[in-house]
Amino acid sequence: MAGWLGGTCAVSAWAGEISIAAASDLNFAFKEIVAGFEKKTGHTVKLSLGSSGNFYAQLSNGAPFDLYFSADIDYPKKLEEAGLAEPGTLYMYAVGRIVLWVPKGSPIDVHALAIDALQHPSVNKIAIANPKHAPYGRAAVAAM
């Protein structure tokens, strides 16, 4: 999995506010990044966190975001192909990984079993992101 950035328009050097649409999984990182950017530049950032797919739909319909950080490469590519993004601004900003997690004290040895840990008799529930909307959900289904 990878995260992708697509610029939807050029940000003016004189802009007082920059509007960013970012995938929800960037919440913790962006709070620190935004605070540092605002302190260093004096500009303010209007940060909207949500679904990459929902932001794609909004941008396709003219939403005025300056930057778009998507968890799915297909959305920024489609915006660029439609002429709705600044050409050549697409780049990978992160690489994600799917992880298996179990509560402390679980009898499952995830390190030894890897993906087969999902078949352990003590497993009652498996949680994944919605594969219809989230790239991590689609990756989880493919892994299983």
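Keep in mind that this is a model prediction, so the values were computed, not measured.

Enquirer: Summarise the pattern of salt bridges; cite the residues concerned and give the values.
Expert: Close approach of charged atoms allows side chains with opposite charge to pair. Under the counting rule described, the total for this entry stands at 1 salt bridge. D72 is the salt-bridge partner of R138, the closest N and O atoms lying 2.3 Å from each other. Placement of R138 in helix α5 (residues 135-143) and of D72 in the loop between β4 (67-70) and α3 (74-81) is noted, with a sequence separation of 66 residues between them. For R138, a relative accessible area of 33% translates into the label partly exposed.

Enquirer: Could you give me a rundown of the pairing of strand β3 (residues 44-50), with the residues and numbers involved?
Expert: The sheet contact formed by strand β2 (residues 17-23) and β3 spans 7 bridges and is parallel. Across the sheet, E17 pairs through a bridge with T44, a residue of β3. Once you follow β2 into helix α1 (residues 27-41) and on to β3, the crossover reads as right-handed.

Enquirer: Describe a nonpolar patch on the surface, naming the residues involved and giving the relevant values.
Expert: Where nonpolar side chains cluster on the molecular surface, the patch consists of L100, I115, I126, I128, V141 and M144 and spans about 500 Å² of accessible area. Inspection of the secondary structure assignment puts L100 in the loop between β5 (91-95) and α4 (110-113).

Rules and cut-offs
- Residues numbered from 1 in each chain as written.
- Predicted model: local features only at pLDDT ≥ 70, side-chain atom pairs only at ≥ 80, totals over all residues.
- Heavy atoms only, no water.
- Salt bridge = Lys/Arg side-chain N within 4 Å of Asp/Glu carboxyl O.
- Helix = DSSP H or I, 4+ residues; strand = E, 2+ residues; numbered from the N terminus.
- Buried < 20%, exposed > 50% of the residue type's maximum accessible area, 1.4 Å probe, protein only.
- Pairing = 2+ DSSP bridges.
- Right-handed = clockwise from strand over helix to strand, strands pointing away.
- Patch = residues over 30% accessible without salt bridge, like charges linked within 9 Å, V, L, I, M, F, W, Y side chains within 5 Å.
- Areas by Shrake-Rupley, 256 points an atom, 1.4 Å probe, with all protein chains shown as cover.

Nothing here speaks to function; it is geometry throughout.
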